[in-house]
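Listed here are the chains, written in short residue letters.
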Amino acid sequence: MAATVFYLDEIPEPGAVAVLDGPEGRHAATVRRIRVGEPITLSDGAGVVAASEVVAAQKDRLELKILDRVVAERVSPPVTVVQALPKSDRSELAVELMTEAGVDAIVPWQAARCVANWEGKARKGVDKWRAAARAAARQSRRAYIPEVGELHRTPDVLELVRNAKADNGVVAALHESGESRFVDLPLARASRVVLIVGPEGGLDDVELEALTAAGAEAVLLGPTVLRTSTAAAVALGALGALTPRWA
């Protein structure tokens, strides 16, 4: 692949010419100073990946001839991270790290102990997380940009947990009081994995009881206590080795 992936909503068939403009075109033509004749990797963020060559370059815009086009296979099992809202200075960092580590879907959660509060400004928060996921996916050359869902409250998260368990999924609530170890979960046989990460103050006892009653298992990820912004990325790294995701 080229050093950077650029995203285009629709990628034409080989032989056709695609136009990369807008923010992606500006980054490619003005920031990266990519010129005629250079190879570019394009993706639609939904699995389509294309090799292309620049045939024309203007300010904030490139024209690219599509040379080849494939659909990247999704990894299995898919992983969703339910992320309690971190403090504002670490919020987008959490999204960036888990995207680079391979998350498939991200669910922002207004948990009881969250210092951050998105009430009345959920749209702005979700849009920032989606932008952070897109930028991190480009940095890590991903064919799939992880989906960032709408803001969830605890009843929404409980429903997500019940649905995952009904689908033979594994739901792990990462918590220091967990009596089981993350590595001992039946992860390799799971149809999907849901990771629940609490806020800086940890999961509220009432929330944790409700989550376990819905089917989640409170587990220890490792021997140290991690920040809420890094826990998901560490768990995803472990999942790469414990499941076929990195095969």
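What counts, and where the lines are drawn
- Residues numbered from 1 in each chain as written.
- Predicted model: local features only at pLDDT ≥ 70, side-chain atom pairs only at ≥ 80, totals over all residues.
- Heavy atoms only, no water.
- UniProt positions renumbered as here; feature names shortened; annotations may be inferred.
- Helix = DSSP H or I, 4+ residues; strand = E, 2+ residues; numbered from the N terminus.
- Contact = heavy atoms within 4.5 Å.
- Salt bridge = Lys/Arg side-chain N within 4 Å of Asp/Glu carboxyl O.
- Pairing = 2+ DSSP bridges.
- Axes fitted to C-alpha atoms, helices over the stretch in contact; angles between N-to-C directions.
- Left-handed = near helix turned anticlockwise from the far one by under 90°.
- Nonpolar A, V, L, I, M, F, W, Y, C, P; charged D, E, K, R; others polar.

### Looking at the UniProt feature "domain: Ribosomal RNA small subunit methyltransferase E PUA-like" (unreviewed entry) in the protein chain
- Those places that UniProt annotates as "domain: Ribosomal RNA small subunit methyltransferase E PUA-like" (unreviewed entry) correspond, in this numbering, to residues 20-67.
- Helix makes up 21% of residues 20-67 and strand 50%. Its end C-alpha atoms lie 15 Å apart.

### Here we look at the side chain of H175
- Residue position: H175 is located in the loop between strand 9 (170-174) and strand 10 (180-181).
- If near-sequence neighbours (up to four positions away) are discounted, H175 is found in contact with L203, L208, V219 and L220.

### What about the pattern of salt bridges?
- Scanning the entire structure with this criterion turns up 13 salt bridges.
- Between E24 and R138 there is a salt bridge, with its nearest N and O atoms 2.2 Å apart. A residue pair is termed long-range when its members are at least 10 positions apart, and E24 in helix 1 (residues 22-31) and R138 in helix 3 (residues 122-139) qualify at 114 residues.
- In this structure, a network of salt bridges that share partners links the residues R123, D127, R130 and E150.

### Quick word on the pairing of strand 12 (residues 217-220)
- Across 3 bridges, strand 9 lies against strand 12 in parallel orientation. Note that in strand 12 the partner of L174 across the bridge is V219.
- For strand 10 and strand 12, the ladder comprises 2 bridges, and the chain directions are parallel. Of the residues in strand 12, the one forming a bridge with S180 is V219.

### Digging into the sheet that holds strand 4 (residues 48-58)
- Strands sit in the order 1-3-4-5-2 across an open sheet of 5 strands; the sheet is mixed. Edge positions in the sheet fall to strand 1 (5-7) and strand 2 (17-20), since each of these pairs with one other strand and no more. Adjacent strand axes in the sheet meet at a mean angle of 45° when their direction is disregarded.
- Of the pairings in the sheet, the one linking strand 3 (residues 39-43) to strand 4 comprises 5 bridges and is antiparallel in character. Residue pairing for strand 4: I40 is matched across the bridge by S52.

### Considering the packing of helix 2 (residues 88-100) against helix 3
- Between helix 2 and helix 3, the least distance of the axes is 8 Å, while the angle of their chain directions is 35°. In the crossing of helix 2 with helix 3, the sense of the turn from one axis to the other is right-handed. On helix 3, the residues touching S91, E92, V95, E96, T99 and E100 of helix 2 are K128, W129, A132, A133, A136, A137 and Q139.
- Classifying every residue of the contact of helix 2 with helix 3 by side-chain character gives 6 nonpolar, 3 polar and 4 charged.

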